[in-house]
Amino acid sequence: MGGNGRPTQYLIVFSMLLLCFIGSYGKFWCIEREREALLQFKQGVVYKSGVLSSWGSGEDKRDCCQWRGVERENQTGHVIKLDLSDQLLGGKIGPSLAELQHLMLLNLSWNRFEEFFPLNLEIFPTCNPLISA
């Protein structure tokens, strides 16, 4: 019976290692440049509600796909959706959103933004922008 249990043991060890690898690989699977662009955008935004409280740079907030209003593409990790509509946001929209070149939806409507950085919408070829003051 000594040799029959070995393949099962190897399979269990391999499975555990694979789970650990997948867990650590996907943990912060946000593209750093895009995460930083979102954080820069947040710096210009004025908000009273806790709508952006999930956004941050702490260890527990590094995965921007867990941030409210943000969605990323699972295979590439690119941010594809930013939907912060009707959240009582104010302030200004700065140029950092131009780093989100894979956006398919940008919805900042029904907020109270004071200033808009003129976004060149040509850099968002697949994006449907919904922005209002």
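The coordinates are above.
Let me sum up the structure you'll find in this document. It should be emphasised that the depicted structure is a prediction, and the values quoted were computed from it without experimental measurement.

What counts, and where the lines are drawn
- Residues numbered from 1 in each chain as written.
- Predicted model: local features only at pLDDT ≥ 70, side-chain atom pairs only at ≥ 80, totals over all residues.
- Heavy atoms only, no water.
- Salt bridge = Lys/Arg side-chain N within 4 Å of Asp/Glu carboxyl O.
- Helix = DSSP H or I, 4+ residues; strand = E, 2+ residues; numbered from the N terminus.
- Buried < 20%, exposed > 50% of the residue type's maximum accessible area, 1.4 Å probe, protein only.

1. A word on the pattern of salt bridges
Point 1. What the rule picks out here adds up to six salt bridges.
Point 2. Note that E32 and R35 form a salt bridge whose closest N and O atoms lie 2.8 Å from each other. Linking E32 with R35, this pair stays in helix α2 (residues 32–43), spanning three residues, or about one helical turn.
Point 3. For R35, a relative accessible area of 2% gives the class buried.
Point 4. The salt bridge involving D63 is made with R72; its shortest N-O contact spans 3.9 Å. The pair D63 / R72 is uniform in exposure class, with both members buried.
Point 5. Taken together, the salt bridges that share partners define one network made up of E32, R35, E36 and R62.

Spatial relationships are all this shows, so hold off on functional conclusions.
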